[in-house]
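Remarks on the overall topology
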Amino acid sequence: QPRHYTAGLTRSGYNLNAVAIANGLSGKSGSGAHAPILWSQGKHNEVISYCLNDVKITRGLFDRWRNDELIDPITKEVL
């Protein structure tokens, strides 16, 4: 979310995949909507891998934010 959020004017948030790609990280490996289906099919390792990839992306974005290097995927400016 941008530092200067104005209700009704500023986007309320960004897609994790878009933010990851804008910041030079690998994109998401799938969609969270598929996780319950895969889990019910017994594909537990695929769901675990998907979740771990999201954690790695989130950590990479956090590190960039902490170092004042996080890039906004829309404006391409450092947040």
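Attention here is on the structure that accompanies the text. (Residues numbered from 1 in each chain as written. Predicted model: local features only at pLDDT ≥ 70, side-chain atom pairs only at ≥ 80, totals over all residues. Heavy atoms only, no water.)

Tracing the sequence through the fold places Asn23 in the loop between helix H1 (16-22) and helix H2 (35-40). Polar contacts involving the side chain of Asn23 include one to the main-chain carbonyl oxygen of Val19, which spans 2.8 Å. Once residues within four sequence positions are removed from consideration, Asn23 is found in contact with Leu61, Arg64, Glu69, Leu70 and Ile71. (Helix = DSSP H or I, 4+ residues; strand = E, 2+ residues; numbered from the N terminus. Polar contact = N/O pair within 3.5 Å; in protein donor to acceptor, adjacent residues only side chain to side chain. Contact = heavy atoms within 4.5 Å.)

With that settled, consider the nonpolar core. Grouped together as the largest cluster of nonpolar side chains are 6 residues: Val19, Ala20, Leu25, Ile57, Leu61 and Leu70. Elements with a contribution of two residues or more to this core: H1 and helix H3 (44-66). Residue contacts for Leu25: discarding those within four places in its chain leaves Ala20, Ile57, Gly60, Leu61 and Arg64. (Core = buried A, V, L, I, M, F, W, Y, C linked by side-chain atoms within 4.5 Å. Buried < 20%, exposed > 50% of the residue type's maximum accessible area, 1.4 Å probe, protein only.)

Topologically, Leu61 is positioned in helix H3. Put simply, Leu61 and Asn23 are 38 residues apart on the chain and 7.5 Å apart in space, counted from C-alpha to C-alpha.

What follows is about the pattern of salt bridges. Considering all chains together, one arrives at 3 salt bridges under this definition. Arg66 is the salt-bridge partner of Asp63, the closest N and O atoms lying 3.1 Å from each other. Of this pair, Asp63 and Arg66 both sit in helix H3, separated by 3 residues, roughly a single helical turn. Shared partners join several salt bridges into a network, and the residues in it are Arg59, Asp63 and Arg66. (Salt bridge = Lys/Arg side-chain N within 4 Å of Asp/Glu carboxyl O.)

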